[in-house]
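Residue strings, one per chain:
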Amino acid sequence: MRRVWAILVAGVFLYFLVGQFLPIIPTFGNVDLFTRVAFDIINKSTTTNYNAVEFKKSKDLEDGSANVVTSIVVNYRSFDTLGEVSVLFCAAIGVGILASMLKSKKRIEFEEHKVLMISTGIVLPLILLFGAYIFIHGHLSPGGGFPGGTTIALGILLLMLSNNEFKVTDVAKHVEQSAGAGYVVIGLMGMAIGGVFLINFLPTGVVGNLFSAGVVPIVYTFIGFKVGAELSNVISDLREG
Amino acid sequence: MSNIIYYVSFIILGIGIYGIVSQKNLFKQLISLSIIDTAVNIFIVALGYVEWGEAPIYSAITPVANFVDPLPQALVLTAIVIGVGTLALGSILLVHINEKYGSLDPDEIRDTREVVE
């Protein structure tokens, strides 16, 4: 009976979406980008006149990151990202508090395996290096602080699976706090220099160079450290119980 | 036929709703919520696709802009992170519920509460 009801409810939702909602949205791929906000953002001219951007040639634009998604996340909508980071922080704190309130403190132990232990020693530095690469090159290539931090946290998870004695110490909490504070400090510096919270106050350089895009790589490095430490904390809280 | 990706996301959404209504285990309902999250993300990214557009990154292969809409992708990046936070917080809450009532079935939890009261 429950399943029949479930199929009915899902069917009503699907009927509403396909019948009422699909006709009013544009067909797939048939989007007029010129009428959207994203057109100005792609050409990096929200305040200036239209100017076509070219890779490795255009310089001193209002935002110099080659990855347009990064320029939205960390430059145009940076305040939104600050809120997002705060939400993740609250979730991590909630997990920590709730895990410490559990009555049965049962630590999850894994069966140690020789092959996993030795191969972890070889692979772990590469995983950490790759995570750092992702968030340092966040303004040039796909990726950024969040995927990079997640990669680092997954390296920590591999370490936990292979080694029963390993514990995430308080250093992770300190890294997280200072990285989060660094993000806010960058925002306040923008307020002092440019007059607006989180404004890009450094020179933006040539599109496509590693040292370009002003504060974007710095902020993404902070976010990478913060997310990596935070997710490691969540994993360790769930394990220690 | 060109709208097939919309239908794919709707079907995944339907699977998530079916899971929430039909399953009795709270953890399975949480995973169903996560599936709905994925469906909505697919739908939002699909809304920004421009025909023959490339990924919105200036590179040696695409030196001039011929891009899909980057704004939905940025919003989905936010949504994914929030989804991770929701999943972690929800699962630790379910661990608490299981410790207190010894079950994750809403009906059994209700019975246990009535006995206690």
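For every chain, the first residue of the written sequence is number 1, and numbering continues from 1 onward in sequence order. For this description, chains carry letters from A and ligands carry numbers from 1, given in the order in which they are written. The predicted nature of this model means local features are confined to residues of pLDDT at least 70 and side-chain atom pairs, given and counted, to a pLDDT of 80 or more, with totals for whole chains, interfaces and linings taken over all residues. For side-chain calculations, the full set of non-hydrogen atoms in the structure is used, while hydrogens and water are omitted.

Some details on the overall build of chain B
Thought 1: Helix numbering and strand numbering both begin at the N terminus, where a helix is a DSSP run of H or I of at least 4 residues and a strand a DSSP run of E of at least 2. If you tally the helices and strands in chain B, you get 4 helices and 0 strands.
Thought 2: When the helices and strands of chain B are placed in sequence order, the string is α-α-α-α.
Thought 3: Here the globule rule is a power law, 2.2 Å times the number of residues to the power 0.38, and the radius of gyration is based on C-alpha atoms. Its C-alpha atoms give chain B a radius of gyration of 20 Å, clearly above 13 Å, the size a compact globule of 117 residues would have.
Thought 4: Out of the 117 residues belonging to chain B, those deemed buried represent 41%.
Thought 5: In chain B, once contacts between residues fewer than 6 apart in sequence are set aside, the share between residues at least 24 apart is 48%.
Thought 6: Surface exposure here means Shrake-Rupley accessible area, sampled with a 1.4 Å probe, where a residue is shielded only by the protein chains that are shown. Put simply, chain B shows about 6200 Å² of open surface, and 68% of that area lies on carbon and sulfur atoms.
Thought 7: The sign given to each residue is positive for Lys and Arg and negative for Asp and Glu; His and the chain ends receive no count. Taken as the charge location is NZ of Lys, CZ of Arg, CG of Asp or CD of Glu. Separation of charge centres in chain B, based on 5 positive and 11 negative side chains, amounts to 12 Å. The classification of residues rests on relative accessible area computed with a 1.4 Å probe and restricted to protein chains. Under 20% of the type maximum is buried, over 50% is exposed, and intermediate values are partly exposed. A contact between two residues is defined here by any heavy atoms of the two lying within 4.5 Å.

Quick look at the domain arrangement of chain A
Thought 1: According to the domain assignment, chain A contains domain 1 (2-31) and domain 2 (68-239).
Thought 2: Relative to domain 2 of chain A, the C-alpha centre of domain 1 of chain A lies at a distance of 37 Å. Domain boundaries shown here were taken from an automatic or database domain assignment.

Considering the nonpolar core
Thought 1: What is meant by a nonpolar core is a set of buried Ala, Val, Leu, Ile, Met, Phe, Trp, Tyr and Cys residues, joined one to another through side-chain atoms within 4.5 Å. Grouped together as the largest cluster of nonpolar side chains are 37 residues, with contacts concentrated most on Val73, Phe146, Tyr183, Val219 and Ile223 of chain A together with Tyr58 of chain B.
Thought 2: For this core, the elements supplying multiple residues, two or more each, are helix H2 (38-42), helix H3 (68-76), helix H4 (78-100), helix H6 (145-162), helix H7 (171-194) and helix H8 (216-240) of chain A together with helix H3 (70-101) of chain B.
Thought 3: Broken down by element, this core gets its largest block of residues, 6 residues, from H8 of chain A.
Thought 4: Not counting residues up to four positions away in its chain, the partners in contact with Tyr183 of chain A are Ser78, Thr81, Leu82, Val85, Leu198, Val219, Phe222 and Ile223 of chain A.

Topic: helix H2 (residues 26-47) of chain B
All names here are of chain B.
Thought 1: Over its 22 residues, H2 runs 32 Å from end to end, which matches the ideal 32 Å to within 8%, given 1.5 Å per residue.
Thought 2: Buried within H2 we find Leu26, Gln29, Leu30, Ser32, Ile36, Ala39, Asn41, Phe43 and Ala46.
Thought 3: Polar contact is defined as a pair of N or O atoms within 3.5 Å, subject to the rule that within protein one atom must be able to donate a hydrogen and the other to accept it, and that residues adjacent in sequence are counted only when both atoms are side-chain atoms. Sitting at the head of H2, Asn25 places a side-chain oxygen 3.0 Å from the backbone nitrogen of Phe27. By this rule the span expected of a helix is its residue count minus one, scaled by 1.5 Å.

Some thoughts on the environment of Ile109 of chain B
Residue and element names in this part refer to chain B.
Thought 1: Here Ile109 shows up in helix H4 (residues 106-116).
Thought 2: With 52 residues separating them in the primary sequence, Ile109 and Ile57 have C-alpha atoms 51 Å apart.
Thought 3: Among residues more than four places away in sequence, those in contact with Ile109 are Leu26, Ile97, Tyr101, Ser103 and Leu104.

Thoughts on the interface of chain A and chain B
Thought 1: Taken together, the contacts link 58 residues of chain A with 52 residues of chain B.
Thought 2: Once two parts are brought into contact, the accessible area they lose, counted with a 1.4 Å probe and summed over both, makes up the buried area. Contact between chain A and chain B buries roughly 4800 Å² in total, counting both sides, with carbon and sulfur atoms accounting for 75%.
Thought 3: One speaks of a salt bridge when a side-chain nitrogen belonging to Lys or Arg is within 4 Å of a carboxyl oxygen belonging to Asp or Glu. Where chain A touches chain B, the interface holds 1 salt bridge.
Thought 4: Note that Arg36 of chain A and Asp69 of chain B form a salt bridge whose closest N and O atoms lie 2.6 Å from each other.
Thought 5: For the interface between chain A and chain B, the tally reads 13 residue pairs in polar contact (both at pLDDT 80 or more).
Thought 6: The set of elements that each furnish at least two residues to the side of chain A that touches chain B consists of helix H1 (2-21), H2, H3, H4 and H8 of chain A.
Thought 7: It is H1 of chain A that contributes the most residues to the side of chain A that touches chain B, 12 residues altogether.

Overview of the environment of Val40 of chain B
Residue and element names in this part refer to chain B.
Thought 1: Of note, Val40 is situated in helix H2.
Thought 2: Relative accessible area serves as the criterion here: at 35%, Val40 is assigned to the partly exposed category.
Thought 3: Between the C-alpha atom of Val40 and that of Ser9, which follows or precedes it by 31 residues, the distance is 6.9 Å.

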